[in-house]
Amino acid sequence: MSLLPQSDPQAPAVVGADEAVMADEPFVFPGFGDRLSRTLERYRSKPGTFLALSLLGFAFPLVAIGILAATMFGAYAAALTGANPGAMAFIGLAVAILAIAIFSLIQTAAMAAAAAFKIKFARSLKVGSSMFLTMAVALLLGNLVLILPAIIVIPAIILSVRFALVVPVVISERRSGIEALVRSRDLVYGKTARLLLEGLALVLLFAVAGGAMAALGGLVGTSLAPQGGAGKVVVGLAVAAFPAFVQWLLAPLAYLYLQSFYEDCVALKGQDWVMHPRKARLYGVLAALGGILMVLALAGGAWAATRFISLARHVAPPPPAPVAVTPAPEPVPAPPPEVQLTPEQRDLARYGDVNTIKIALNTYYGEKKDYPDKLAGLMPTYLSSIPADPLTKQPYGYVKVGLSYKLTFVLEAGVFTLSAGEHFLTPSGFDVEPVQAAPAPEGGQNTTVVPAPPAPPPEPVSPLPTEPTPVPPPAGTPPPEPPPPQADADNDGLPDQAEAVQGTDPANPDTDGDGLKDGEEVQVYKTDPTKADTDGDGYKDGDEVYAGFDPTQPGNARLTDTDGDGLADLYETQHGLDPKDKDMDNDGLSDGDEVRVYKTDPTKADTDGDGFTDPQELQGGFEPNGPGPLTPERKAQIAADAAKYGLY
């Protein structure tokens, strides 16, 4: 016996069309307002039934979660006993998914029956239980039909709207399968746009109501929540509970509205309907193709999952944790022995140190017109640290003599034109006649230790007691001729003899092609002139110096930049710039920006001499190095260098 009475006076063929039938007048399709009014009126007729059925939408997932939790607990227990928990976990997951699907279909069919026939809760639940398989087949076929059109999107949207009355058709007319899809399509045909717009209006209404209730829940939860972590939990529950309450109240409206729209379409087009075979074949073909695609997708997913599990099983397991055993104390290993340099290598290092000190002293004198009393006076502006003898680890002997100085050092084997023994350096250059060195001990090399320079007396005197105080030459006496210069074929600041020792090319001022002359690398920056990247950090030494970084230290170690113009002090000293003046020409552009970004002369406010300063020309879009505007290539170069080096 059917649960749906055929002679029910509230049958859908009558609802919404009574007046048109009785008056024998053409039926006028109602508007959205009239349909919504009838939907609310039907809701008010049996609110308890609809709210109870809506509550099942929350209860059924909870039951499924309980099933899943129970199976997971069983899988855990099986794992403890040594059994394989994978099969039990998979069965539990499948049962939970199946339970959710069945419960959802039963609730959908029950809600649709209550909306169509105004029956009570118990009877509508019976109808839902008896019709859920028919409902499942119709909805499954509808989804399979939509798979292929979904590739084009728009046909899928149109079809999904036309299939929207499948649920009322299945419940009210007890049609199934493809027949229910075709019947829904024919009813909605011609009213597709209206159903889509009215459905979107309802969705917007639900969204606004849900958002408002979420905000209200947040306010209520905040006002009631205690301090601390528990307060956050209370607020979260309130924000989730208020929209859920709205969903519980409004969910029946969706079923009631679809039922009202279905009844209006039936009243407009009549109940006498015969399915067109061609449409049935079309939807059957689409459903078959969709089924094939879904099976292929599931098979591909299963294969991928199997492959992943197989790969995971072949991964070597982690090694077992080592047993905690207190090891016997091991002797502290001795530090690795220092690399022993040869006497020739130490002499080259001394030669470089003395030249470095000489450059710092000359820079100091250029600014202060005097020499420091001690080498410590050069730190940190002119030297980052005081060089020391590579053998004795003691600083080189230095003493100020009047407006001059004397820097003493000892060579073990000799370097270039300087022979072994004690030497000194003055502003006039090296004294090529060595000071007699102390005799070497038996069986060893000359290891003369340079004594620390004596503290100068109140009056400037020489630190060497055997030498008389220098007497200035009489007026008119020509200055002594400087020693003959050493040969330097490539003019890189490193004599040819030194290049032979260093292994550099005496005919190439930049042997390694890193942008620094060989002499600068040896005497100033302490880099390897045969390696373009001394510290091995991927940047050439010249590029690092140009950018202000230390080419001997990997990472972000920077060279000293006293005036903060972006150029290292050593670079400015080498190129005739003042390391203590950020803007030598006072044109408003820092020396670093002029050198690296704008390529202008940092010692001239108007590089091209046209009467406009460099910044004025740049602001006007003109070339500061010559006539005419800045070219697109020049603008791109300025922008790239500004991004690379930054502006100071």
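Thresholds, definitions, all that
- Residues numbered from 1 in each chain as written.
- Predicted model: local features only at pLDDT ≥ 70, side-chain atom pairs only at ≥ 80, totals over all residues.
- Heavy atoms only, no water.
- Pairing = 2+ DSSP bridges.
- Helix = DSSP H or I, 4+ residues; strand = E, 2+ residues; numbered from the N terminus.
- Contact = heavy atoms within 4.5 Å.
- Axes fitted to C-alpha atoms, helices over the stretch in contact; angles between N-to-C directions.
- 1 Å grid on protein atoms, 1.4 Å probe; cavity = no way out; pocket = protein on both sides within 12 Å on 5 of 7 lines; lining within 4 Å.
- Points joined across faces, edges and corners; volume = space filled by probe spheres on them.
- Patch = residues over 30% accessible without salt bridge, like charges linked within 9 Å, V, L, I, M, F, W, Y side chains within 5 Å.
- Areas by Shrake-Rupley, 256 points an atom, 1.4 Å probe, with all protein chains shown as cover.
- Salt bridge = Lys/Arg side-chain N within 4 Å of Asp/Glu carboxyl O.
- Buried < 20%, exposed > 50% of the residue type's maximum accessible area, 1.4 Å probe, protein only.
- pLDDT = per-residue confidence, 0-100.

Observations concerning the sheet that holds strand E1 (residues 397–401)
Okay, so step 1: With antiparallel pairing, four strands are arranged side by side in an open sheet as E1-E2-E3-E4. With partners counted over all chains shown, the strands left at the sheet margins are E1 and strand E4 (429–430), one partner each.
Okay, so step 2: By the bridge criterion, five bridges tie E1 to strand E2 (residues 404–411) in an arrangement that is antiparallel. Opposite Gly397, over in E2, you have Thr408 as the bridge partner.
Okay, so step 3: Together, E1, E2, strand E3 (421–426) and E4 form the strand contacts of helix H12 (residues 343–368), whose direction differs from that of E2 by roughly 170°.

A closer look at the layout of surface pockets
Okay, so step 1: There is about 1200 Å³ of room inside the largest pocket.
Okay, so step 2: Every residue lining the largest pocket is counted, 44 residues in all, and those nearest its centre are Asp353, Thr356, Val522, Tyr525 and Lys526.
Okay, so step 3: Contributions of two or more residues to the lining of the largest pocket are made by H12, helix H13 (496–502), helix H14 (518–525) and helix H16 (569–574).
Okay, so step 4: It is H12 that provides the largest number of residues to the lining of the largest pocket, a total of ten residues.

Let's talk about a nonpolar patch on the surface
Okay, so step 1: A cluster of nonpolar residues, Val153, Ile154, Ile157, Ile158, Leu196, Leu197 and Leu200, forms a patch on the protein surface that exposes about 620 Å² of accessible area.
Okay, so step 2: Among the elements of the structure, helix H6 (154–162) and helix H9 (192–224) are those that each provide at least two residues to the nonpolar patch.
Okay, so step 3: Under the relative-accessibility criterion, Ile157 is labelled partly exposed at 42%.

A closer look at unusual backbone geometry
What you tend to see is this: most non-glycine residues have negative phi, and most peptide bonds are trans.
Okay, so step 1: The linkage connecting Met379 with the following residue, Pro380, adopts the cis geometry, with an omega of -10°.
Okay, so step 2: In this fold, Pro380 is placed in the loop between H12 and E1.
Okay, so step 3: Unlike most non-glycine residues, Lys118 shows phi in positive territory, near 55°.
Okay, so step 4: Along the chain, Lys118 turns up in the loop between helix H4 (86–117) and helix H5 (121–147).
Okay, so step 5: Positive phi, normally seen in glycine, also occurs at Arg174, with a value near 55°.
Okay, so step 6: Secondary-structure assignment places Arg174 in the loop between helix H7 (166–173) and helix H8 (177–188).

A closer look at the pattern of salt bridges
Okay, so step 1: What the rule picks out here adds up to 19 salt bridges.
Okay, so step 2: A salt bridge links Arg350 to Asp389; the nearest nitrogen and oxygen atoms lie 2.6 Å apart. Residue Arg350 is found in helix H12, and its partner Asp389 is found in the loop between H12 and E1; the two are separated by 39 residues along the sequence. The burial state of Arg350 is the same as that of Asp389; both residues are buried.
Okay, so step 3: Residues joined in a network through salt bridges with shared partners are Asp34, Arg35, Arg38, Glu198 and Asp264.

Let's talk about the confidence of the model for the protein
Okay, so step 1: On average, the protein scores 77 in pLDDT, and the residues at 70 or more come to 76%.
Okay, so step 2: E2 holds the highest mean pLDDT among the elements of the protein, 90, whereas helix H1 (residues 18–23) holds the lowest, 43.
Okay, so step 3: Below pLDDT 50 for its whole length, residues 313–317 participates in zero contacts with residues either more than four positions away or in separate chains.
Okay, so step 4: Every residue in residues 432–468 scores below 50 in pLDDT, and together they form 46 contacts with partners more than four places removed in sequence or on other chains.

Concerning helix H17 (residues 591–598)
Okay, so step 1: Most of H17 sits inside the fold, with eight of its eight residues counted as buried.
Okay, so step 2: Residues of H17 that are buried include every one of Asp591, Gly592, Asp593, Glu594, Val595, Arg596, Val597 and Tyr598, and no others.
Okay, so step 3: Buried residues belonging to H17 abut helix H15 (541–547), H16, helix H18 (614–619) and helix H19 (632–645).
Okay, so step 4: The positive-phi residue at the C-terminal boundary of H17 is Lys599, with phi of around 60°.

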